[in-house]
Amino acid sequence: MNTAGHPEATAHRGLELTPFRGLRYDPDRVGSLAAVTSPPYDVVVRPDGLLHLESADPHNIVRLILPQAATPEARHQQAAQTLRRWLAEGVLTTDPEPGLYVYEQRDGDVLLQRGIIGALRVSDPAERVVLPHEDVMPHVVADRAALMRATWTNLEPLLLTYRGDDTTSATTALVERTAEQPPLLATTTEDGYRHRLWSVTDPDTVARVGTELARHQALIADGHHRWATYRTLRAEHPSPSAWDHGLVLLVDTVRYPLRVRAIHRLLHDLSVTDAVAALDGHFHVRRLETPLAESLDTLARATDAGNAFLLAGDGAFHLVDRPEPGLLARTVPTDRPEAWRTLDATVLHTTLLAHVWHIPDDSAAHISYIHDTAATVEKAERDGGTAVLMHPVREEVVRDLARQGVTMPRKSTSFGPKPASGLVLRALDA
């Protein structure tokens, strides 16, 4: 990474990953490690997924990352009280030595991902060390910040990727060598993924990893709101402090390419009938008499020719494609690169939501962002809303835009596999 001419970046050349004393579940105090884990907070499909996780084990991490109470203040205080109780009872214990954690996820013979969990120095956007690729919603950042203030804990790591090369050979060797040793913990979650975690505490080894990563920058794959939260909280506390760092998982995508999937939209107050009617003269709409998998294949083929979406919620699927060029010219901003202007997410937010359907995209009262395709369709059919199903963006498009400093519309992509929440936490007072 070239840092010439940037004084701030010269002082901090790149990624600064430091060891920490992990906060982990005592396996003797819970039913099983699998039963206390959860997907990241924004992947849990409420309320179905939330209730399922809460009933899996009374100590499931979802009680900390998605506490339930009447007001935001009550939710955050409830999470803090729950955390203090679990610490007092020994449900959660702090590892004796600071370390970096090698983390492995495996989906049978289909997928293998390994990376390093550590505390990363929180950098400013101008440093170009951590590259975002999506916009964030301020109210979500404010809520996450309030939760972190109440708990004084990084409750779940966000997912960052970097491009390994010859300068990261020691880091690569460490990850592979460590994965051959008996793990600190191992569990298989109900989605079939096997998770393993190791602690690396040798100071010389940790220092070598830090030296190598200091030459690199990272892309936020998942966790834009949590990274924005880290930046908010760091700004509130004079340095040096524990808030100068945040919990992350770093994955070398040269060695372990991530999956890129779409994040779908659920429009609560718009029926499919009204959504389709409003598209008349603006987009081509075709009703598909095929099941979900085949309809998604049709969507994939349509995106090869231009912007396309699937609408669902009335028991069928409707392919929306071939936007009227004049409409796009009037509604899509021209001050961004063409790669941004032609994104499906850009057209959805600037054209469909803002000008055709007149739906604000920053309010949970009007729109939900859901990762699971089938769940999005089911909720739309049950609630009478409209599911807007998206086709994923290629990783190289995301990275190229991020390097140009261009952010995509919020919730444009879903990189995975995402780290399971609940395997290791970072207490800021440890």
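Now for a description of the structure that goes with this document. (Residues numbered from 1 in each chain as written. Predicted model: local features only at pLDDT ≥ 70, side-chain atom pairs only at ≥ 80, totals over all residues. Heavy atoms only, no water.)

**Details of helix α11 (residues 292-303)**
Put simply, the rule is: The secondary structure listing takes helices from DSSP runs of H or I that are at least 4 residues long and strands from runs of E that are at least 2 residues long, numbered from the N terminus. Helices are assigned an expected span. That span is 1.5 Å times one less than the residue count. Each residue gets one of three labels from its accessible area relative to the maximum for its type: buried under 20%, exposed over 50%, partly exposed in between, using a 1.4 Å probe on protein chains only. For this quantity, the arc is that covered by the directions from the helix axis to the C-beta atoms. Throughout, a residue-residue contact means that at least one pair of heavy atoms, one from each residue, lies within 4.5 Å.
Taking 1.5 Å as the rise per residue, α11 with 12 residues should run 16 Å; its terminal C-alpha atoms sit 16 Å apart, in good agreement. Looking at α11, one finds that the buried residues are S295, T298, L299, A302 and T303. Projected onto a plane normal to the axis of α11, the buried residues spread over an arc of 135 degrees and lie on a single side. With respect to the buried face of α11, the exposed residues turned more than 90 degrees away are A293 and R301. The elements touched by buried residues of α11 are β15 (284-288), β16 (308-312), β17 (317-321), α14 (344-356) and β19 (386-389).

**Describing the layout of surface pockets**
For the record, the criterion: Here the term cavity refers to a set of points on a 1 Å grid, laid over the protein atoms alone, in which a 1.4 Å probe fits but cannot get out; the term pocket refers to an open set having protein on both sides within 12 Å along at least five of seven lines, with lining residues being those that place an atom within 4 Å of a point. Grid points are joined across faces, edges and corners, and a volume is the space filled by probe spheres set on the points.
Looking at the largest pocket, its volume works out to about 1200 Å³. Around the largest pocket sit 38 residues that line it, and P39, V43, D191, R261 and D372 are the ones nearest its centre. Mapped onto the lining of the largest pocket, the elements with two or more residues apiece are α2 (33-36), α3 (48-56), β13 (259-261) and β20 (414-416). Element by element, the count of residues in the lining of the largest pocket is highest for α3, at 4 residues.

**Side note on the sheet that holds strand β2 (residues 22-25)**
Stated precisely, the cut-off is as follows: In this analysis, strands are considered paired if DSSP registers two or more bridges between them.
The strand order across the open sheet formed by 4 strands is β3-β2-β21-β7, and the pairing between neighbours is antiparallel. Because the sheet does not close on itself, it has two edges, and the strands there are β3 (92-94) and β7 (153-154). Where β2 lies against β3, 3 bridges are found, and the strand directions are antiparallel. Across the sheet, residue R24 finds its bridge partner in β3, namely T93.

**Brief notes about the packing of aromatic side chains**
Where we set the bar: Working definition: rings of Phe, Tyr and Trp (its six-membered ring) pair if their centres are within 6.5 Å, and the pair is stacked with planes under 30 degrees apart, edge-to-face with planes over 60 apart, and tilted otherwise. Note on geometry: a ring has a charge over it if NZ (lysine) or CZ (arginine) is within 6 Å of the ring centre and within 35 degrees of the ring normal.
For the coordinates displayed, the defined rule picks out 4 aromatic pairs. Between W227 and Y230, the aromatic rings sit 6.1 Å apart at their centres with planes inclined by 70 degrees, giving edge-to-face as the arrangement. Here W227 pairs with Y230, and both are found in helix α9 (residues 224-236), just 3 residues apart, close to one helical turn. Its relative accessible area of 5% is what places W227 among the buried residues. Over the ring of Y41 we find R144; its NZ or CZ atom is 3.9 Å from the centre of that ring.

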